[in-house]
Amino acid sequence: MKTWKKILIAALCVLATAALVFACLLANIYYDKYHRVSYWDIQPQYVSENILMVHGSRGQEDFVRLKDVRTDKFTTPKLQHIFINEFNTGDSLVVFRTFDRLRGYLNVNTGEIVIPAQYNRAWNFSEGLAGVLKDGIVSFIKEDGELAFDKTFPIYYDDDFCDIAFQFHHGLCVMKTMDGKWGLINTQGEWVVEPIYTTISAPRQGYRIVSDGKFYGLISEKGQVVLPLEYDFIRLSSNPIGFTVAKDGLAKTIDYELKTVVPFVHDGLYVLSYVDDYRSNIIYENGEATKYIEPRYWRFDVGSGSGVIDSDGKVIIPAKYYMVRIVDDNLFDVEVTCGGDHILFDNKEEYVGKVKE
């Protein structure tokens, strides 16, 4: 046989072998992706008395399913996620999400899907109603999937949307308008608190923290104003239990009855010191006489502001400024805003002058 024929036959054999290996690889990938399934129990979780949530994988794809332990059969197809309702355990319907990112509802007592996946977003039931988002419209449904009321709410979908929970608490639910304002609606879809706020928190011990973008206040779980919009910030406090409220550079802790329990709190306390070249008890550094003087004043922080107190705890300068530094025993350099003017105050918070550049 001629040499060129031998070379041709060898090349064809190599190509045929490569094609076979490639076909086997594709077949293995296809089988892994669509057929080979493994199940495992990572901290097996019963979602109800007889229904178990099981984790599994198909190739590179993880999923969850529900299984009825009485029949040892799966009750759902492979789902991307099941959102167990940890706060309203009395509601039997919970949200699930498919791999095409749509959401519906299943019954944790039977393990069966009762409202097919059709929503872009959906929230677990609370007080018999559930909020759903479809085509940019928020509406509320009952457990049979029918609308709870005719009113719907167009909403602008933004990056903060994942923090929103359209769920009812004591008959009220947060709602957002297209222009970004928040209010509260009742179970008939009527505004109980008009949408005038930029933020409304989830209920905390019967209250919601609200803000207009500049100041903070508190409203009750029924929507009544209990602290007006005049505070620099309001946040939960754990020591002692209650709220930390700040106003005019000062902060205090109030309890859930709105009584003051700690009249003065701060976010940090730092001794104020400066260098004096002419005092006694000199420390010699590099041949030069210097001494750090630590007077009786401390810088304290409230939120993003800084102020000054003395060693007796008396407020000398409220924490309304970006930064405060000490110049000498009774003089302070106050940076009003970040990169802004520097002014001088004495120890009675009286204006002395502007720091020259």
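Everything numeric here is computed off the predicted structure, so don't read it as measured data.

> Hey, could you go over the nonpolar core for me, with residue numbers and the actual values?
Val-138, Phe-140, Phe-153, Phe-166, Met-175, Leu-184 and Ile-200 are the most contacted members of the largest nonpolar core, which has 23 residues in total. Put simply, the parts of the chain that give this core at least two residues each are β11 (137–141), β13 (173–176), β14 (182–185) and β15 (191–197). In this structure, Tyr-274, Tyr-297, Ile-316 and Tyr-321 belong to the second largest nonpolar core, which totals 13 residues.

> So what's going on with a nonpolar patch on the surface? Which residues, and what values?
Side chains of Leu-269, Val-271 and Trp-298 sit close together on the surface and give an oily, nonpolar patch of about 230 Å² of accessible area. Positionally, Trp-298 belongs in strand β28 (residues 297–302).

> Give a detailed account of the pairing of strand β33 (residues 342–346), specifying residues and quantitative values.
Where burial is concerned, most of β33 is hidden: four out of the five residues are buried. Here strand β32 (residues 331–335) pairs with β33 via five bridges, running antiparallel. Its bridge partner being in β33, Glu-335 is matched across the sheet by His-342. Two successive antiparallel strands, β32 and β33, enclose a turn made up of six residues, where Gly-339 displays a positive phi of approximately 75°.

> Pulling in residues and values, what's your account of the packing of aromatic side chains?
Inspection of the entire model under this criterion finds 11 aromatic pairs. Between Tyr-207 and Phe-243 the ring centres are 5.9 Å apart and the planes differ by 85°, which places this aromatic pair in the edge-to-face class. One end of the pair, Tyr-207, is in strand β17 (residues 207–211); the other, Phe-243, is in strand β21 (residues 241–247), with 36 residues separating them in the sequence. By relative accessible area, which is 13% here, Tyr-207 ends up buried. Taking relative accessible area as the criterion, Phe-243 reaches 0% and is therefore assigned buried. Ring plane angle 85° and centroid distance 5.7 Å describe the contact between Phe-243 and Tyr-256, whose orientation is recorded as edge-to-face. Here Phe-243 is found in strand β21, whereas its partner Tyr-256 is found in the loop between β22 (250–254) and β23 (260–265), with 13 residues between them in sequence. For Tyr-256, a relative accessible area of 23% corresponds to the partly exposed category. One residue, Arg-65, lies across the ring of Phe-74, its end atom 4.1 Å from the ring centre.

> Explain the environment of Asp-72 to me, and be specific about the residues and the numbers.
Tracing the chain through its elements places Asp-72 in the loop between β3 (61–68) and β4 (73–74). Asp-72 sits 21 residues away from Ile-51 along the chain, and the two C-alpha atoms are 9.7 Å apart.

> So what's going on with the sheet that holds β21? Residues and values would help.
The four strands lie next to each other as β20-β21-β22-β23, forming an open sheet whose pairing is antiparallel. What marks the edges here is a single partner per strand, and that holds for β20 (233–238) and β23. Each neighbouring strand pair of the sheet contributes to a mean axis angle of 25°, computed without reference to strand direction.

> Tell me about the side chain of Asp-346, and name the residues and values.
With respect to the helices and strands, Asp-346 occurs in strand β33. Although buried, Asp-346 forms no salt bridge, and the nearest oppositely charged side chain, Lys-348, lies 6.7 Å from it. A polar side-chain atom of Asp-346 sits 3.0 Å from the main-chain amide nitrogen of Glu-350. Discounting chain neighbours no more than four positions away, the residues touching Asp-346 are Ile-316, Asn-330, Leu-331, Phe-332 and Val-352.

> Account for the pattern of salt bridges, naming residues and giving values.
Taken as a whole and assessed by the stated rule, the structure comprises eight salt bridges. Residue Glu-257 is joined to Lys-259 by a salt bridge in which the shortest nitrogen-to-oxygen separation is 3.6 Å. As far as the burial class goes, Glu-257 and Lys-259 line up, both exposed. The closest approach of N and O atoms between Glu-335 and Arg-325, which form a salt bridge, is 3.3 Å. Here the residue Glu-335 occupies a position in strand β32, and Arg-325 occupies one in strand β31 (residues 323–328), the gap between them amounting to 10 residues.

Cut-offs applied
- Residue indices follow the written sequence of each chain, beginning from 1 at its first position.
- In view of the model being predicted, local features appear only for residues whose pLDDT reaches at least 70, and side-chain atom pairs are presented and counted only at 80 or more, with totals across whole chains, interfaces and linings using the full set of residues.
- Processing note: side-chain calculations cover all non-hydrogen atoms of the structure and skip hydrogens and water entirely.
- Side-chain atoms within 4.5 Å are what join buried Ala, Val, Leu, Ile, Met, Phe, Trp, Tyr and Cys residues into a set we call a nonpolar core.
- The buried label applies to any residue whose accessible area, calculated with a 1.4 Å probe on protein chains only, is under 20% of its type's maximum; exposed applies above 50%, and partly exposed to all values in between.
- For helices the rule is a DSSP run of H or I covering at least 4 residues; for strands it is a run of E covering at least 2, with both sets numbered from the N terminus onward.
- Like charges within 9 Å and nonpolar side chains (Val, Leu, Ile, Met, Phe, Trp, Tyr) within 5 Å are joined into patches, using only residues over 30% in relative accessible area that form no salt bridge.
- Per-residue and other accessible areas were derived by the Shrake-Rupley procedure at a 1.4 Å probe size, with only the shown protein chains allowed to occlude residues.
- Salt bridge, as applied in this entry: a Lys or Arg side-chain nitrogen positioned within 4 Å of an Asp or Glu carboxyl oxygen.
- Any two strands are treated as partners once DSSP identifies two or more bridges connecting them.
- Pairing of aromatic rings covers Phe, Tyr and Trp, the last through its six-membered ring, and needs centres within 6.5 Å; plane angles under 30 degrees mean stacked, over 60 mean edge-to-face, and all others mean tilted.
- Placement of a positive charge over a ring is assigned whenever Lys NZ or Arg CZ falls within 6 Å of the ring centre and within 35 degrees of the normal to the ring plane.
- Fitted lines through C-alpha atoms serve as axes, helices being fitted only where they are in contact, and the angles separating the N-to-C directions of these axes extend from 0 to 180 degrees.
- Within this scheme the basic residues Lys and Arg register as positive and the acidic residues Asp and Glu register as negative, but His and the chain ends are omitted.
- Polar contact is defined as a pair of N or O atoms within 3.5 Å, subject to the rule that within protein one atom must be able to donate a hydrogen and the other to accept it, and that residues adjacent in sequence are counted only when both atoms are side-chain atoms.
- Residue contacts are defined here by distance: any two heavy atoms, one from each residue, within 4.5 Å place the two residues in contact.

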